[in-house]
Amino acid sequence: MMRLEPAGAEALLIILAERPDAGLPLRIAALADRIHLELGPLLIDLVPGWTTLLLHYDLLRTDHLQLGKRLLPLLEDWHAEPEPSRLGRLHELPVWYAGEDLAEVARACALSEAEVIALHSGTEYRVGAIGFVPGFAYLGELDARLALPRRASPRTRVPAGSLAIAERQTAIYPQASPGGWHLLGRCPRRLFDARAEPPCPLAVGDRVRFFAIDEAAFRAEGGVP
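Residues numbered from 1 in each chain as written. Predicted model: local features only at pLDDT ≥ 70, side-chain atom pairs only at ≥ 80, totals over all residues. Heavy atoms only, no water.

A. Region of the structure containing the sheet that holds strand β1 (residues 3-6). Taken in spatial order, the 4 strands make up an open sheet running β1-β2-β4-β3, and their pairing is antiparallel. Across the chains shown, the open sheet's two edge strands, defined by having one partner strand only, are β1 and β3 (43-48). With strand direction ignored, the average angle separating the axes of adjacent strands in the sheet is 20 degrees. The pairing of β1 with strand β2 (residues 11-15) spans 4 bridges and is classified as antiparallel. Of the residues in β2, the one forming a bridge with proline 6 is leucine 12. (Pairing = 2+ DSSP bridges. Helix = DSSP H or I, 4+ residues; strand = E, 2+ residues; numbered from the N terminus. Axes fitted to C-alpha atoms, helices over the stretch in contact; angles between N-to-C directions.)

This is the structure:
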């Protein structure tokens, strides 16, 4: 199950599982911390995924064969470790559920708009990966009754703060960008700030719950419709 694969000239992909599970993001985050502690001078970046950890390394200091040998004992220790006892930080985020695709999602899922909102906000999500654009946190697992493929025609611009769903995942666009997910609402909180430390308040392994607010509350928190 666990394997190492070269990912270009200066990266190594560690595949840790075939399918994600609720505890895996925390375990991968812990592994990334351990590898950074042990092998930090050799590395440029570590990128956790739902079932993987991508290591970008300094080609002047190592290569994928040498790095693989250094990683083996760390991976063996990780594989033998028990499930982490901590749950990950919980973030509770407000959402004004008035997205452009809310009605369409309700029709496609044979639900009322109120049922879509209740299902979406009634689930606790886990941050499994951060990517696409800085601060874009992939959250799972979305209730199966809301699972839809990505839009056939992506939008060229999705406003910052847009809450969206696709497949079995949900996410908030931290900045305006193109996007092909279904838009359910807007969050007034800023989820990426390059001047802050850390720039992204959500980290792999964290938990997220959404709660519904109205337009007045959205504006009161600084949201711009």
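So that's the structure; there's more coming.
B. Region of interest: the environment of glutamate 221. Positionally, glutamate 221 belongs in the segment after α5 (215-220). Judged by relative accessible area, which is 37%, glutamate 221 ranks as partly exposed. In this structure glutamate 221 touches Pro94, Pro188 and Arg189, once residues within four positions along its chain are discounted. (Buried < 20%, exposed > 50% of the residue type's maximum accessible area, 1.4 Å probe, protein only. Contact = heavy atoms within 4.5 Å.)

C. Focus on unusual backbone geometry. Here the residue pair glycine 140 and glutamate 141 is connected by a cis peptide bond, since its omega of 10 degrees sits within 30 degrees of zero. Tracing the sequence through the fold places glutamate 141 in the loop between β7 (137-140) and β8 (155-158). In this model, glutamate 197 is joined to proline 198 through a cis peptide bond whose omega is 0 degrees. Structurally, proline 198 is set in the loop between β12 (182-186) and β13 (207-213). One non-glycine residue, alanine 110, lies in the positive phi region at around 55 degrees. Of the residues examined, alanine 110 reaches a relative accessible area of 68% and is grouped as exposed. We note that phenylalanine 132 has phi near 70 degrees; this positive angle belongs to a residue other than glycine. Considering the arrangement of structural elements, one finds phenylalanine 132 in the loop between β6 (125-130) and β7.

D. Broad picture of the layout of surface pockets. For the largest pocket, the calculated volume is near 540 Å³. Around the largest pocket, the lining comprises 21 residues; the ones closest to its centre are Leu46, Pro48, Ile130, Ala203 and Val204. Mapped by element, the contributors of at least two residues to the lining of the largest pocket are α1 (24-39) and β3. Per-element accounting of the lining of the largest pocket gives the leading share, 5 residues, to α1. In terms of residue class, the lining of the largest pocket is made up of 14 nonpolar, 2 polar and 5 charged. (1 Å grid on protein atoms, 1.4 Å probe; cavity = no way out; pocket = protein on both sides within 12 Å on 5 of 7 lines; lining within 4 Å. Points joined across faces, edges and corners; volume = space filled by probe spheres on them. Nonpolar A, V, L, I, M, F, W, Y, C, P; charged D, E, K, R; others polar.)

E. View of the packing of aromatic side chains. With the rule as written, the count across this model stands at 8 aromatic pairs. Measuring from ring centre to ring centre gives 4.9 Å for phenylalanine 136 and tyrosine 138, while their planes differ by 65 degrees; the resulting arrangement is edge-to-face. Here phenylalanine 136 and tyrosine 138 have matching classes, each one buried. Ring plane angle 75 degrees and centroid distance 5.2 Å describe the contact between phenylalanine 136 and tyrosine 173, whose orientation is recorded as edge-to-face. Remark: tyrosine 173 occurs in the loop between β10 (169-172) and β11 (177-179) and phenylalanine 136 occurs in the loop between β6 and β7; sequence separation between them is 37 residues. Relative accessible area serves as the criterion here: at 1%, phenylalanine 136 is assigned to the buried category. Ring pairs connect the aromatic residues Phe132, Phe136, Tyr138, Tyr173 and Trp181, which therefore count as one cluster. The ring of tryptophan 78 carries arginine 27 above its face, with NZ or CZ at 4.0 Å from the centroid. (Phe/Tyr/Trp six-rings, centres within 6.5 Å; stacked < 30°, edge-to-face > 60°. Lys NZ or Arg CZ within 6 Å of the ring centre and 35° of its normal.)

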